Number of protein chains: 2
Amino acid sequence: MVSKDNFRQVVPYVPGEQPKENDVIKLNTNENPYPPSQGVMETLSHIDNASFRKYPDPDVSDLVSEIADYHNVNKEKVFVGVGSDDVLAMCFLTFFNSGRQVLFPDITYAFYKVWADLFKINYREVPLDEDFNIVPSDYLAENGGIVFPNPNAPTGLVMPLDRVEEIISNNPNNVVIVDEAYIDFGGESALSLVDRYSNLIVTRTFSKSRSMAGMRIGYCMGNEKLISVLNSVKFSYNSYTMSEVAIKTGVASVKDDSYFQRIVGKITETREKTKEALTDLGFTFPDSSANFIFAKHNRIDAEQLFNALKENKIFVRHFDLPRIKDYLRITIGTENEMKALLDFLKKYIENN
Amino acid sequence: MVSKDNFRQVVPYVPGEQPKENDVIKLNTNENPYPPSQGVMETLSHIDNASFRKYPDPDVSDLVSEIADYHNVNKEKVFVGVGSDDVLAMCFLTFFNSGRQVLFPDITYAFYKVWADLFKINYREVPLDEDFNIVPSDYLAENGGIVFPNPNAPTGLVMPLDRVEEIISNNPNNVVIVDEAYIDFGGESALSLVDRYSNLIVTRTFSKSRSMAGMRIGYCMGNEKLISVLNSVKFSYNSYTMSEVAIKTGVASVKDDSYFQRIVGKITETREKTKEALTDLGFTFPDSSANFIFAKHNRIDAEQLFNALKENKIFVRHFDLPRIKDYLRITIGTENEMKALLDFLKKYIENN
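Note that the coordinates shown come from a computational prediction; the quantities given were computed from them, not determined experimentally.

Draft legend 1. Representation of the packing of helix 9 (residues 257-280) of chain A against helix 11 (residues 335-350) of chain A in the model. Residues and elements named next belong to chain A. Here helix 9 crosses helix 11 at 10°, and the two axes come no closer than 11 Å. With respect to their mutual orientation, helix 9 and helix 11 come out roughly parallel. For the pair helix 9 and helix 11, contact is made by T270, K273, T274, A277 and L278 and by E335, M338, L342 and L345, respectively. Its residues placed into classes, the contact of helix 9 with helix 11 shows 5 nonpolar, 2 polar and 2 charged.

Draft legend 2. Spatial organisation of helix 3 (residues 61-71) of chain B. All names here are of chain B. Turning to helix 3, its buried residues number three or more, namely L63, V64, E66, I67, A68 and H71. Buried residues along helix 3 sit against strand 2 (78-81), strand 7 (200-205), strand 8 (218-222) and helix 8 (244-255). Immediately downstream of helix 3, the backbone of N72 shows phi near 60°, a positive value.

Draft legend 3. Focus on unusual backbone geometry. The amide bond that connects A:N150 to the next residue, A:P151, takes the cis arrangement and shows omega of -5°. Note that the residue after B:A153, namely B:P154, is joined by a cis bond; omega there is 5°. Summarising the element assignment, B:P154 is placed in the loop between strand 5 (146-149) and helix 6 (161-169). The phi dihedral of A:R216 falls on the positive side, at around 65°, and the residue is not glycine. Note that A:R216 resides in the loop between strand 7 (200-205) and strand 8 (218-222). Unlike most non-glycine residues, B:R323 shows phi in positive territory, near 75°. Within the element layout of this structure, B:R323 appears in the loop between strand 12 (317-318) and strand 13 (328-331).

Draft legend 4. Summary view of the relation of the copies chain B and chain A. Superposition of chain B onto chain A requires a rotation of 180° combined with a translation of 0.0 Å along the rotation axis, giving an RMSD of 0.0 Å. Such a combination of turn and shift is consistent with a two-fold rotation axis. Residue B:S45, judged by its C-alpha, is the member of chain B lying nearest the rotation axis, at 2.8 Å. A shared interface surface links the copies, since 99% of the contact residues of chain B are contact residues in chain A too.

Criteria and cut-off values
Residues numbered from 1 in each chain as written. Chains lettered and ligands numbered in written order. Predicted model: local features only at pLDDT ≥ 70, side-chain atom pairs only at ≥ 80, totals over all residues. Heavy atoms only, no water. Axes fitted to C-alpha atoms, helices over the stretch in contact; angles between N-to-C directions. Helix = DSSP H or I, 4+ residues; strand = E, 2+ residues; numbered from the N terminus. Parallel < 35°, antiparallel > 145°, perpendicular 65-115°, else oblique. Contact = heavy atoms within 4.5 Å. Nonpolar A, V, L, I, M, F, W, Y, C, P; charged D, E, K, R; others polar. Buried < 20%, exposed > 50% of the residue type's maximum accessible area, 1.4 Å probe, protein only. Least-squares fit on C-alpha atoms with pLDDT ≥ 70 in both.

Structure below.
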């Protein structure tokens, strides 16, 4: 019997369900309802054999350069990984080593706590205010780094850039990670601050706005020194994290900006219509800037609604956690999907 | 300025060069010279949009099942990752936590030391004997786990299964990882021992024998308890490490066993011919069971040969390390590539 002291003890993150049936309406993992750019699919059909038998470029140069050009930063400021989860995990491992407490909100992306536990990082969860806002002055205490999403998840609330900057500028000795998984759907990016603050990391993902969750691409941008340290840790973990297919299709996605802007526009438009309809049905919610709405009904229990929806093959997300157990996180799908959701909710609420 | 105490200090692994020119003969990273199965390429052309916009199956069930069937083990004994480097890194993080010294050979895959440093794992390098053999009795001391490749890299030497078993059976309380990246090219796998020893992990890769280095697929097999702990750590790092494209093309590769056997047969045949030719040119080498030969010339310096080859666009690998600096690691390519290598060496040796 292997001694238990050999094992790392963890409580893993539980991702939203990925049902295998095709006839469900899937509004539970903040995926994009639209396909990726046509260029992505075309790129796939032109992949050649050498892309398989040879190792990919360990520096991921083509994708790094494409992203750097797109954001108008130099390429020494860009780091790419297997989804932003990989990028964030790598950042935790690389930047949170002082032993001092790392700070993040109490209601936020649940993976932060999991990574901190995995890597034995000391941390403190900082409560949001009663309206679910991040309060910058709460992040001025001594710490070993800070991480928060903007817009925050699962609330959808965005922080204005001057408040984000307040947190960054007051913590010059520690790394501040702004997780912008949802920024394309609303809010002002902290990317404009990367050249001014040497302690800032901004993370992004291809999984939401770029419709490429299945391909696993994420990235971050920051000061050259931070990116260089991050690369050293990455090269101490796995030289080749990105497949040649991910690199090439990622480049194709970034190149097609007009399609990207168009689908993001459709989703934000659908989101605003959905807000009105949910309000009419008796829901309240923080005013989301993301591709989901975090909604609470004025009468019917969230778990009951969650189960009723699921029985009707509409998947949303419910977190059985303090402060947020009355809420459902509903991803913005196509117009038709939202209509189906709203029709069901209307009927269900009338009859219950 | 960010305080240095926030950063993890590492000395990263340096992978072999991936030159971007297409006119080089690339014998430096143990890639397969043949393309993957036709089924792999066909699978790619049938990938649909949903594979991109949705998250992949976090359990990677289809690929896990296909691998389990192929090896005739149950699927709770199989774990899949982004190349065997990802799988091995995850194993180090998961299984080497006791604080006791982890043991591995002094001449071996250079990444073991890098992972140990990255995760702050205590370790001791155990010297190979003077003929580069692993000596099982050296692995009986108290330890916190053991890892070695079989066949070993960069020597290519395989250990008979009874000696591998000696190490496993004498360390029941600690995890023993047998890294079988090259086993398809020769030697007897420890896989037959997985059902008998609860402390054994056997790792494999799609990057060598399966010609899929570019797609990043590796896996390991072991006792259900070990695989379950490993999965908990993986789900604490990144829920979705494997892209949908990797999952589907991986399945296609495993399904086409006759093609797989055929290319592995061609490579081992070329290897044996190359051994004869190298001997005729004055090289000596351990008798490799892998897809490379670790060769030393009786007169000409290895670094000199390395540079001369590189100038002629033939890339091999040279490690400037104690005990092995006189050797070149030469990957087995196609018959034509080996002919070009041998022709060059013949001429060069005659003239120097």
